[in-house]
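Descriptive analysis of the structure
Here is what each chain is made of, one letter per residue.
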Amino acid sequence: MTNPLIKEIFNSSEDYLGKEITLTGWVRTHRVSKNFGFIELNDGSSFKNLQVVFEDTLPNFDEISRITLGSSIKVTGVLVESPGAKQPVELKSGSIEIIGLADLDFPIQKKRHTFEYLRTIAHLRPRTNTFMAVFRVRSIISYAIHKFFNERGFVYVHTPIITSTDAEGAGEMFRVTTLDHHNPPRNEHGHVDFSQEIFGKQAHLTVSGQLTVEPFCTAFRNVYTFGPTFRAENSNTARHANEFWMIEPEIAFGDLNDDMRLAEDMMKFVINEVMTQAPDEMEFFDKFIDNELIKRLDNVLNSEFKVITYTEAIDLLNKSGHEFEYPTTWGENLQTEHERYITEQIFNKPVFVIDYPKEIKAFYMKLNEDDKTVRAMDLLVPGVGEIIGGSQREDRPEVLEAKFRQFGINLEEYSWYQDIRRYGTFPHAGFGLGLERAVMYITGMKNIRDVVPYPRTPNNVLF
RNA sequence: UCCGCGAUAGCUCAAUGGUGGAGCAUUCGGCUGUUAACCGAAGGGUUGCAGGUUCGAGUCCUGCUCGCGGAGCCA
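Anyway, here's the lowdown on the structure attached to this text. (Residues numbered from 1 in each chain as written. Chains lettered and ligands numbered in written order. Predicted model: local features only at pLDDT ≥ 70, side-chain atom pairs only at ≥ 80, totals over all residues. Heavy atoms only, no water.)

**Digging into the overall build of chain A**
Looking only at helices and strands, chain A features 13 helices and 16 strands. Principal axes of the C-alpha set define a box for chain A whose edges measure 85 × 60 × 45 Å. For chain A, the proportion of its 463 residues judged to be buried stands at 52%. Of all intrachain contacts in chain A linking residues separated by at least 6 positions in sequence, the fraction that spans at least 24 positions is 67%. Summed over its atoms, the accessible surface of chain A is roughly 22600 Å², and 49% of this surface lies on carbon and sulfur atoms. Charge centroids of chain A, computed over 50 positive and 67 negative side chains, lie 3 Å from each other. (Helix = DSSP H or I, 4+ residues; strand = E, 2+ residues; numbered from the N terminus. Buried < 20%, exposed > 50% of the residue type's maximum accessible area, 1.4 Å probe, protein only. Contact = heavy atoms within 4.5 Å. Areas by Shrake-Rupley, 256 points an atom, 1.4 Å probe, with all protein chains shown as cover. Lys, Arg positive; Asp, Glu negative; His and termini not counted. Charge placed at Lys NZ, Arg CZ, Asp CG, Glu CD.)

Okay, structure coming up:
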């Protein structure tokens, strides 16, 4: 008698056919007749359930007939070919032991639930088909990213989660404090005395690992961060969360073209890994979540990403004849409607938009020779919009210093960042990929709250 | 934060200002190969909260809370 996982049974059922095996897992659903019944058993190893058949020869047949969804059981029986059309094999049970009976009010039922409802039971939703598929794919994507960079010799750097910089320009920050909210210590001017903070000054949760990973780029050449990121914006959209995971590679002696090539290779590598490692899950997404998903991802794997400049993008939008709600004026940010039109209507594939006006991009991006644009790139994908934002970095100390002044940034606080340019400057570039946006893109899921195990969004810190 | 929509049984949804219903789930009964099994019956409600209009409010009005869609911020 052996104790295989359901995954192993489906992968090599001929090894187990006719043999007695023991399985442990949870009841996904069951159907009962007078003298026999079926249990769909999931043991976590596979997206697919194994059908367990039980008959009234079982001493505890009545008990098993009333088994509740979600209950954990241990089944011993013989694996046989299934007469049913929907599964190749099934387990003819000799004994079923109830390990943990689920209460009758187990909220996940044999019916379709809305994602909104399932968000309120985030601790139970991994037991549904959709979320089991989402979180397995999320895991595969995460590993694929590490694999991609590791195979290319990148060093993985754990940049800090608590930071002291307060003007990274990437958004509102959460404060990290140990002071008493109601009665903070005050200095002689009556202001809060932050010198009594545990760090002796104000601290925040990181909004990006980029600035602190750049110094490691000066040592290891190619590096990346992959960790949690926090933005305190009151964003209420399907693609923003207050806590999310970001991947930020930084490459030495490379320019924006190298950066884009890296981003494209990475996206293709990750998509390919997911398609080969999670075919059942991807088939499910294609069938129930997004009917165009696999077709679209195949198209991505087999085509080159388009590259256009911001100026060309504005031009294309103006010539499209399409009525936009917001004007398409050079110098203004591309609105979501513009980005979607470019990637979905004009090209229908991933598009890099590069060379944005310097005024609408971050201070650290390299100024082009036209003195008007910077070497920035956004990767837009159909369905999600912006999935990657990156740039070649400004590597000229005097230009960077001028940028600091223009952006009103305290030079002293960023002297360490300027040091990268003082001590052996070099061309370098990098980007940030939102892990959740990659998961959304690859699974077809439409809301970021449904690709994060326990999403943190305004008004929502359940669990 | 702004604009729009919504909140009714455990879940998913109906209900012209006039006695709040259905499907699924639950309980009971039936059924020898089901696939969200099927068939029959039963139980299940302070209609999100607080006010107001009205003879009468799930329905109309005001405020609040929460959710969803879109926008901004971005990944």
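The rest of the description comes next.
**Re helix α12 (residues 415-422)**
Each α-helix turn comprises 3.6 residues. Residues three or four places apart therefore point the same way. Considered for burial, the residues of α12 that qualify are Tyr417, Gln418, Ile420 and Arg421. One side of α12 carries all its buried residues, which in axial view fall inside an arc of 135°. Considering only its buried residues, α12 is in contact with α5 (210-220), α11 (397-406) and β16 (428-434). Remark: Gly424 follows α12 within two positions and exhibits a positive phi of approximately 80°. (Arc of directions from axis to C-beta.)

**Quick word on the sheet that holds strand β6 (residues 155-156)**
Reading across the sheet, the eight strands line up as β6-β10-β11-β16-β15-β14-β13-β12 and stay open at both edges, with mixed pairing between neighbours. Two strands in the sheet have a free side with no partner beyond their single neighbour: β6 and β12 (306-309). Here β12 runs beside strand β13 (residues 351-357); their pairing, made up of four bridges, is parallel. The residue of β13 that forms the bridge with Val307 is Phe352. Against the sheet, helix α9 (residues 310-319) engages β12 and β13, with an angle of about 90° to β12. Running over the sheet, helix α10 (residues 336-346) touches β12, β13, β14 (373-381) and β15 (385-392) and is turned about 65° from β14. (Pairing = 2+ DSSP bridges. Axes fitted to C-alpha atoms, helices over the stretch in contact; angles between N-to-C directions.)

**Topic: the environment of Arg231**
As for its placement among the helices and strands, Arg231 is situated in the loop between β10 (222-230) and β11 (243-252). The exposure class assigned to Arg231 is buried, which follows from its relative accessible area of 19%. For Arg231 and Val451, which are 220 residues apart along the polypeptide, the C-alpha to C-alpha distance reads 17 Å. Separated by 2.6 Å, the side chain of Arg231 and the backbone oxygen of Val207 make a polar contact. (Polar contact = N/O pair within 3.5 Å; in protein donor to acceptor, adjacent residues only side chain to side chain.)

**Quick look at the packing of helix α6 (residues 256-277) against helix α8 (residues 293-301)**
Between α6 and α8, whose axes approach to 10 Å, the crossing angle comes to 135°. Judged on the interaxial angle alone, α8 and α6 are oblique. As α6 packs across α8, the resulting crossing turns out to be left-handed. Contacts between α6 and α8 involve Lys268, Ile271, Asn272 and Met275 from the former and Leu297, Asp298, Val300 and Leu301 from the latter. A breakdown of the residues in the contact of α6 with α8 according to their chemical character gives five nonpolar, one polar and two charged. (Parallel < 35°, antiparallel > 145°, perpendicular 65-115°, else oblique. Left-handed = near helix turned anticlockwise from the far one by under 90°. Nonpolar A, V, L, I, M, F, W, Y, C, P; charged D, E, K, R; others polar.)

**Some points on the packing of aromatic side chains**
Throughout the structure, instances matching the rule amount to 26 aromatic pairs. Grouping aromatic residues by their ring pairs yields a cluster made of Phe363, Tyr364, Phe404, Phe407, Tyr414, Trp416 and Tyr417. Here the guanidinium or amino end of Arg152 rests over the ring plane of Phe269, the centre of that ring lying 5.8 Å away. It is Lys361 that lies over the ring of Tyr356; its NZ or CZ is 4.3 Å from the centre. (Phe/Tyr/Trp six-rings, centres within 6.5 Å; stacked < 30°, edge-to-face > 60°. Lys NZ or Arg CZ within 6 Å of the ring centre and 35° of its normal.)

**Concerning the pattern of salt bridges**
Within this structure, the stated rule accounts for 24 salt bridges. One salt bridge in this structure joins Arg393 and Glu250, with 2.8 Å as the shortest N-O distance. With a gap of 143 residues between them, Arg393 in the loop between β15 and α11 and Glu250 in strand β11 connect regions that are remote in the sequence. Of the two residues, Arg393 and Glu250, both sit in the buried class. A salt bridge links Asp419 to Arg422; its shortest N-O distance comes to 2.9 Å. In this pair, Asp419 and Arg422 are both assigned in helix α12, three residues apart and thus about one turn of the helix distant. For Asp419, a relative accessible area of 23% gives the class partly exposed. Each of Glu214, Glu250, Arg393 and Arg421 takes part in one network of salt bridges that share partners. (Salt bridge = Lys/Arg side-chain N within 4 Å of Asp/Glu carboxyl O.)

**Re the environment of Tyr414**
One can find Tyr414 in the loop between α11 and α12. Measuring from C-alpha to C-alpha, the distance between Tyr414 and Phe404 comes to 8.8 Å, with 10 residues separating the pair along the chain.

**Quick look at the sheet that holds strand β5 (residues 89-100)**
Pairing in this closed barrel of five strands is mixed, and the strands run β1-β2-β3-β5-β4 around the ring. The mean angle between the axes of side-by-side strands here comes to 55°, regardless of whether they run parallel or antiparallel.

**What to know about the side chain of Arg393**
The exposure class of Arg393 is buried, given its relative accessible area of 2%. Separated by 2.7 Å, the side chains of Arg393 and Ser391 make a polar contact. In this structure Arg393 touches Gln210, Glu214, Pro249, Glu250, Tyr364, Lys366, Arg421, His428, Ala429, Gly430 and Phe431, once residues within four positions along its chain are discounted.

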